[in-house]
Amino acid sequence: MKKTLTILSVALVAVMLTSCVESSKKYKQLLAEKETLTAQYQELENEYNTANAVISEVENNLQAIRDAEGLVQMMNEGEVTRERLSAELIQIKDVMAANHAKLDSLEQVLKKSKNDNGYLRNTIKKLQAQIAEKETLIAQMQEQLNQKDAQIEGLNTQVAALNTNVAELNAENQKQEEFIKNQTDDMNVVYYIGAVRKELKSKGILASGEILKRNVPTEAFTKADRRNLNEVTFEGKIRRVYSSHPAGSFTVEGNTLKINDPESFWSITKYLVVRTK
């Protein structure tokens, strides 16, 4: 019984001591400090997680930009089209603008924070410097693209001018060819007629035993191309050739006159006048 009373006494003293400690100012101060530290830790952890997520995203975007840096060279080598490079640059500009906004917002949050986050601030400054460098690079890439566009436009203008010149030259050549053809055709036009004496006189071709040398009525003749005229066959037998043609340049067989040497035959006159029976 005495032992039991002793144990109860000790327990009562411990409870009383505990109650005194919990009600003391020092204990309350320690609890407040613990809660403050816990809140600060949670805030710091939240800041770190947010900053780390933004930094990770920005770094990934920068890597994507690095991957796109070789597109200009690839375009020059014909491996990438101008349209793809232009689309990539537009996308990269949008990403860079988003990176700027995120880092600026994060920087403002960290400035207002009471926590020691110097490491995060330094990391943000480094990323901002990299972004500025990439913006300069993007501007250079855009300038190269603009120069390519200007070169292409210049080449297109030159090609258009050349096409115009070629078209004009073709038109001029066609005119020249037509002119030369017409001239050649005119040079090779010859006329022939075969009729009895009376008809030749009535048509104004024969007078005083000679053919007219001026104002010859060509409508009374048959028109032909001497390049395709090797012989002429008349309705009646050939009695006499009035027009002048070099000897040996033709032969007469009945009602047919064969031209042996066209160049020589037509060298004196382009009219063939024959009296038939």
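Predicted, not measured: the structure shown is a model, and the values here were computed from it.

Reading the values: the criteria
- Every chain is numbered independently, its residues counted from 1 as its sequence is written.
- A pLDDT threshold of at least 70 governs which residues receive local features in this predicted model, and a stricter bar of 80 or more applies before side-chain atom pairs are shown or counted, although totals over entire chains, interfaces and linings include all residues.
- Values shown for side chains rest on all heavy atoms present in the structure; no hydrogens or waters enter the calculation.
- A run of DSSP states H or I qualifies as a helix once it reaches four residues; a run of E qualifies as a strand once it reaches two. Both are numbered from the N-terminal end.
- By definition, residues are in contact when any of their heavy atoms lie within 4.5 Å.
- Counted as salt bridges are all cases of a side-chain nitrogen of Lys or Arg within 4 Å of a carboxyl oxygen of Asp or Glu.
- Classification of residues uses two cut-offs on accessible area relative to the type maximum, computed with a 1.4 Å probe and protein chains only: under 20% is buried, over 50% is exposed, and between them is partly exposed.
- Between any two strands, at least two bridges found by DSSP are needed for them to pair.
- Along the chain, pLDDT gives the predictor's confidence residue by residue, from 0 to 100.
- In this analysis an axis means a line fitted to C-alpha atoms, helices contributing only their contacting stretch, and an angle means the value between N-to-C directions, from 0 to 180 degrees.
- Aromatic pairs are defined between Phe, Tyr and Trp rings, using the six-membered ring for Trp, whenever the two ring centres lie within 6.5 Å; interplanar angles under 30 degrees are classed as stacked, those over 60 as edge-to-face, and all others as tilted.

Trainee: Got a minute to help me understand the environment of Ala 195 in this structure?
Mentor: With respect to the helices, strands and loops of the structure, Ala 195 is situated in strand β1 (residues 189–195). Each C-alpha atom of the pair Ala 195 and Arg 275 lies 5.2 Å from the other, and the pair is 80 residues apart in sequence. Apart from the residues within four sequence positions on either side, Ala 195 is in contact with Leu 200, Val 274, Arg 275 and Thr 276.

Trainee: How should I be thinking about the pattern of salt bridges in this particular structure?
Mentor: A side chain with one charge can pair with a side chain of the opposite charge if their charged atoms come near. Within this structure, the stated rule accounts for six salt bridges. Here Lys 203 ties to Glu 199 by a salt bridge, and the two come within 2.8 Å at their closest N and O atoms. In this structure Lys 203 comes out as partly exposed when scored by relative accessible area, which is 34%. Taking the relative accessible area as the measure of exposure, Glu 199 reaches 31% and is therefore partly exposed. One salt bridge in this structure joins Arg 226 and Glu 263, with 3.9 Å as the shortest N-O distance. You can see Arg 226 sitting in the loop between β4 (222–225) and β5 (231–233) and its partner Glu 263 sitting in helix α7 (residues 262–265), a full 37 residues away along the chain. With relative accessibility at 55%, the residue Glu 263 sits in the exposed group. Where salt bridges share partners, they join Lys 181, Asp 185, Asp 225 and Arg 227 into one cluster.

Trainee: Teacher, can you tell me more about the pairing of strand β8 (residues 256–259) here?
Mentor: In summary, the side chains of a regular strand alternate between the two faces of the sheet. Here β5 pairs with β8 via three bridges, running antiparallel. Pairing of Glu 231 across the sheet is with Lys 258, part of β8. As judged from the four bridges shared by strand β7 (residues 250–253) and β8, these two strands associate in the antiparallel manner. Counted as the bridge partner of Val 252 is Leu 257 from β8.

Trainee: What's the story with the confidence of the model for the protein chain in this structure? I'm lost.
Mentor: Do not read the fine detail of predicted coordinates wherever pLDDT is low. Confidence in the prediction for the protein chain averages 76 pLDDT; 68% of positions are at 70 or higher. Mean pLDDT values for the elements of the protein chain range from 51 in helix α1 (residues 2–22) up to 97 in β8.

Trainee: In this structure, what is going on with the sheet that holds β5? I would like to understand it.
Mentor: Hydrogen bonds along the backbone pair up the strands of a sheet, which may run parallel or antiparallel. Reading across from one edge, β5-β8-β7 is the order of the three strands in this open sheet, with antiparallel pairing throughout. Of all the strands in the sheet, the pair left with one neighbour each is β5 and β7. Across this sheet, the average inter-strand angle for adjacent strands is 15°, counted without regard to direction.

Trainee: Any chance you could explain the packing of aromatic side chains here in plain terms?
Mentor: Centre distance and the angle of the planes are the two values used to describe a pair of aromatic rings. Tallying each qualifying case throughout the model produces six aromatic pairs. Centre to centre, the rings of Phe 265 and Trp 266 are 4.8 Å apart; their planes meet at 90°, and the pair counts as edge-to-face. Here the aromatic residues Tyr 191, Phe 221 and Tyr 271 are joined through ring pairs into a cluster of three or more.

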